[in-house]
Amino acid sequence: VQLQASGGGLVQAGGSLRLSCAASGSTLSRYIMGWFRQAPGKEREFVAARSWSGGSTNYADSVKGRFTISRDITKNTVYLQMDSLKPEDTAFYYCAARWPAWGQLSTRGTEYDYWGQGTLVTVSS
């Protein structure tokens, strides 16, 4: 499966952005979907994950209550709605897919099989 992330940009603190991750080559119903981020000079960190067919989600404590991961079956696309953005949310954001779909909503990037290219989110203070 090929993943294409988009939707990053520059936003003021308190603002919102929605990232998209469109898939081709396979249906995302076969995978757990996740979002990760990496700020300059920092390690990659988990942001959110969800099962495709069920309603289970998992969020990093730092984004819980502000970010929402969702999916559109008809578009084979996963979204990350980011609200109440903070300067510390500034990073490259990556979507990832983990097989199989019935697996755990892992927070470990090494357990994801496919990755999209990053999209940059910059939050100004």
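Scope of this entry: the structure provided in the associated data block. Here the structure is a predicted model, which means the values were calculated and not measured.

**Structural notes on the overall build of the chain**
Thinking step 1. From N to C terminus, the chain includes zero helices and eleven strands.
Thinking step 2. Reading the chain from its N end, one meets helices and strands in the order β-β-β-β-β-β-β-β-β-β-β.
Thinking step 3. A compact globule built from 125 residues would reach a C-alpha radius of gyration of about 14 Å, and the chain, at 13 Å, matches this within 12%.
Thinking step 4. Seen through its principal axes, the chain has C-alpha atoms that stretch 40 × 25 × 25 Å.

**A few points about the sheet that holds strand S3 (residues 17-24)**
Thinking step 1. Taken together, four strands build an open sheet; the order of strands is S1-S3-S8-S7 and the sheet is antiparallel. Because the sheet does not close on itself, it has two edges, and the strands there are strand S1 (2-6) and strand S7 (67-72). Between one strand and the next, the sheet's axes are offset by a mean angle of 20 degrees, whatever the strand orientation.

**Overview of the pairing of S3**
Thinking step 1. Here S1 runs beside S3; their pairing, made up of five bridges, is antiparallel. Note on S3: the bridge partner recorded for Ser6 is Ser20.

**As for the packing of aromatic side chains**
Thinking step 1. Here the structure, examined in full by the defined rule, presents six aromatic pairs.
Thinking step 2. Note that Arg44 overlies the ring of Phe36, its terminal NZ or CZ placed 5.9 Å from the centroid.

**Here we look at the side chain of Thr77**
Thinking step 1. Tracing the sequence through the fold places Thr77 in strand S8 (residues 77-82).
Thinking step 2. Here Thr77 falls in the buried class, since its relative accessible area comes to 6%.
Thinking step 3. Within the structure, the side chain of Thr77 is placed 2.8 Å from the backbone oxygen of Lys75, a separation counted as a polar contact.

**Digging into the pattern of salt bridges**
Thinking step 1. The full count for this structure, using the stated rule, is six salt bridges.
Thinking step 2. Note that Asp89 is salt-bridged to Arg66, the shortest N-O span being 2.8 Å. Taken as a pair, Asp89 in the loop between S8 and strand S9 (91-98) and Arg66 in the loop between strand S6 (57-59) and S7 lie far apart in primary sequence, 23 residues in all. For the pair Asp89 and Arg66, a shared accessibility class is recorded, and that class is buried.
Thinking step 3. Salt bridges sharing partners connect three or more residues here, namely Arg37, Glu45, Arg66 and Asp89.

**Regarding the nonpolar core**
Thinking step 1. Among the nonpolar cores identified, the biggest contains 38 residues, and Leu3, Leu28, Met33, Trp35, Leu80, Met82 and Tyr93 are the most heavily contacted of them.
Thinking step 2. Contributing elements (two or more residues each) for this core: S1, S3, strand S4 (32-38), strand S5 (45-50), S7, S8, S9 and strand S11 (119-124).
Thinking step 3. No other element matches the five residues that S9 contributes to this core.

**Brief notes about the state of the cysteines**
Thinking step 1. Following the criterion strictly, the structure yields one disulfide and no others.
Thinking step 2. Disulfide pairing is shown between Cys21 and Cys95; the S-S distance is 2.1 Å. Between Cys21 and Cys95, the S-S dihedral sits near 65 degrees, and the bridge is therefore right-handed. Of this pair, Cys21 sits in strand S3 while Cys95 is found in strand S9, placing the two residues 74 residues apart along the sequence.

The rules behind each value
- Residues numbered from 1 in each chain as written.
- Predicted model: local features only at pLDDT ≥ 70, side-chain atom pairs only at ≥ 80, totals over all residues.
- Heavy atoms only, no water.
- Helix = DSSP H or I, 4+ residues; strand = E, 2+ residues; numbered from the N terminus.
- Rg over C-alpha atoms; globule rule 2.2 N^0.38 Å.
- Pairing = 2+ DSSP bridges.
- Axes fitted to C-alpha atoms, helices over the stretch in contact; angles between N-to-C directions.
- Phe/Tyr/Trp six-rings, centres within 6.5 Å; stacked < 30°, edge-to-face > 60°.
- Lys NZ or Arg CZ within 6 Å of the ring centre and 35° of its normal.
- Buried < 20%, exposed > 50% of the residue type's maximum accessible area, 1.4 Å probe, protein only.
- Polar contact = N/O pair within 3.5 Å; in protein donor to acceptor, adjacent residues only side chain to side chain.
- Salt bridge = Lys/Arg side-chain N within 4 Å of Asp/Glu carboxyl O.
- Core = buried A, V, L, I, M, F, W, Y, C linked by side-chain atoms within 4.5 Å.
- Disulfide = S-S within 2.5 Å.

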